[in-house]
Amino acid sequence: MLVFAHISDLHLDGTARATERAERVRDRLWQLPGQVDALLVTGDIADHGAEVEYEEAARILGLHEGDPPFPVLTCPGNHDSRAPYRKALLRQPVSDRPVNSVRVFDGGAVLMCDSSIPGSDEGALDEETYDWIEATLDELDGSLPALLAFHHPPVALHHPLPDSYRLHDPGRLAALLERRPRIAGLITGHAHTPAASVFAGRPLAVGPGVTWTLRLPWEGERIADRDAPVGLAFHVLDDAGRLTTHFRVVT
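Since the model is a prediction, treat every value here as computed from it, not as a measurement. (Residues numbered from 1 in each chain as written. Predicted model: local features only at pLDDT ≥ 70, side-chain atom pairs only at ≥ 80, totals over all residues. Heavy atoms only, no water.)

Enquirer: Quick question: what am I supposed to make of the sheet that holds strand β3 (residues 72–75) here?
Expert: The strands making up a sheet associate through backbone hydrogen bonding, with each pair oriented either parallel or antiparallel. Taken in spatial order, the five strands of this open sheet run β3-β2-β1-β14-β15, and their pairing is mixed. Unpaired on one side and paired on the other, β3 and β15 (243–250) mark the two borders of the sheet. Sheet twist, expressed as the average angle between the axes of neighbouring strands with direction ignored, equals 25°. In this sheet, β15 lies alongside strand β14 (residues 230–237) in antiparallel orientation, the contact comprising eight bridges. Pairing of leucine 232 across the sheet is with arginine 248, part of β15. Contacting β1 (2–7), β2 (38–42), β3, β14 and β15, helix α1 (residues 16–30) runs over the sheet at an angle of about 35° to β14. (Pairing = 2+ DSSP bridges. Helix = DSSP H or I, 4+ residues; strand = E, 2+ residues; numbered from the N terminus. Axes fitted to C-alpha atoms, helices over the stretch in contact; angles between N-to-C directions. Contact = heavy atoms within 4.5 Å.)

Structural data, given as structure tokens:
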């Protein structure tokens, strides 16, 4: 059994509010008494895509000088910028190519995929990313269940804001899932609301936002609930390859 913590949409912008909320959820996760195999951070880590915002994210998540209690896996969102993301967060050579990475565990694998489109709020898995997913799954050779994590949900969540900027061409992703039965589920962010759905017969878990929570149409006219507590999720990938998600708040 694998357990993954999941946060999304930190939108670090240099303000004390954003920093405090990110540190609050970090502290909760770092102090967990039980085992977590990794933390997944599904995009919009920075608010403006600035290098200084990624430097702060690296500090909060202990990526360079700290000692996080488990691996921290990230992927970009529409507010992120690939070049400073690579330089300041990952300490990799600057590049505008998609930021994709894989982590293999004893019992499963997580593919962190880049669904950002530079200069746009919309999302897509581009040709290079699809080729990378296929090649990575080929290397796994069907021996392990895998999770795909990226920023933009591929389904409607029934709010006009996130539904305006969901993943392009979901049919291509659905076709990939049909060919790849060992993909156990999809993990996304972007919508700032904890949500669970199904896509192409696989579970889809949408992580809550750290910075604010989306008010749904029947909850009121104001879109952003900035007073809602910080949210996080725990995803359990069990020995049968079944994905179960639990949502929590940090007050």
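Back to the write-up after that little detour.
Enquirer: I keep staring at unusual backbone geometry and nothing clicks. Help me out?
Expert: Trans peptide bonds make up the majority, and among non-glycine residues the majority have a negative phi. Phi at aspartate 9 is positive, roughly 55°, even though this residue is not glycine. With respect to the helices and strands, the residue aspartate 9 is situated in the loop between β1 and α1. By relative accessible area, which is 0% here, aspartate 9 ends up buried. The residue arginine 91 is not glycine, and still its phi comes out positive at about 55°. Inspection of the secondary structure assignment puts arginine 91 in the loop between α3 (82–90) and β4 (101–105). (Buried < 20%, exposed > 50% of the residue type's maximum accessible area, 1.4 Å probe, protein only.)

Enquirer: What's the story with the pattern of salt bridges in this structure? I'm lost.
Expert: Opposite charge on two side chains lets them pair, provided their charged atoms get close. Within this structure, the stated rule accounts for 14 salt bridges. For aspartate 114, the salt bridge identified is with arginine 82, shortest N-O distance 3.0 Å. Residue aspartate 114 is found in the loop between β5 (108–112) and β6 (116–117), and its partner arginine 82 is found in helix α3; the two are separated by 32 residues along the sequence. By relative accessible area, aspartate 114 is classed as buried at 1%. (Salt bridge = Lys/Arg side-chain N within 4 Å of Asp/Glu carboxyl O.)

Enquirer: Help me out: how do you make sense of the pairing of β14 in this one?
Expert: Counting buried positions over the eight residues of β14 gives eight, a clear majority of the element. A two-sided burial pattern is seen for β14, the buried positions comprising Val230, Leu232, Phe234 and Val236 on one face and Gly231, Ala233, His235 and Leu237 on the other. Two elements, β1 and β14, share five bridges in a ladder whose sense is antiparallel. Within β14, the position partnered with valine 3 by the bridge is valine 236. From the end of β14 to the start of β15, which pair antiparallel, there are five residues, and glycine 241 there has a positive phi angle of about 80°.

Read these as geometric descriptors, not functional statements.
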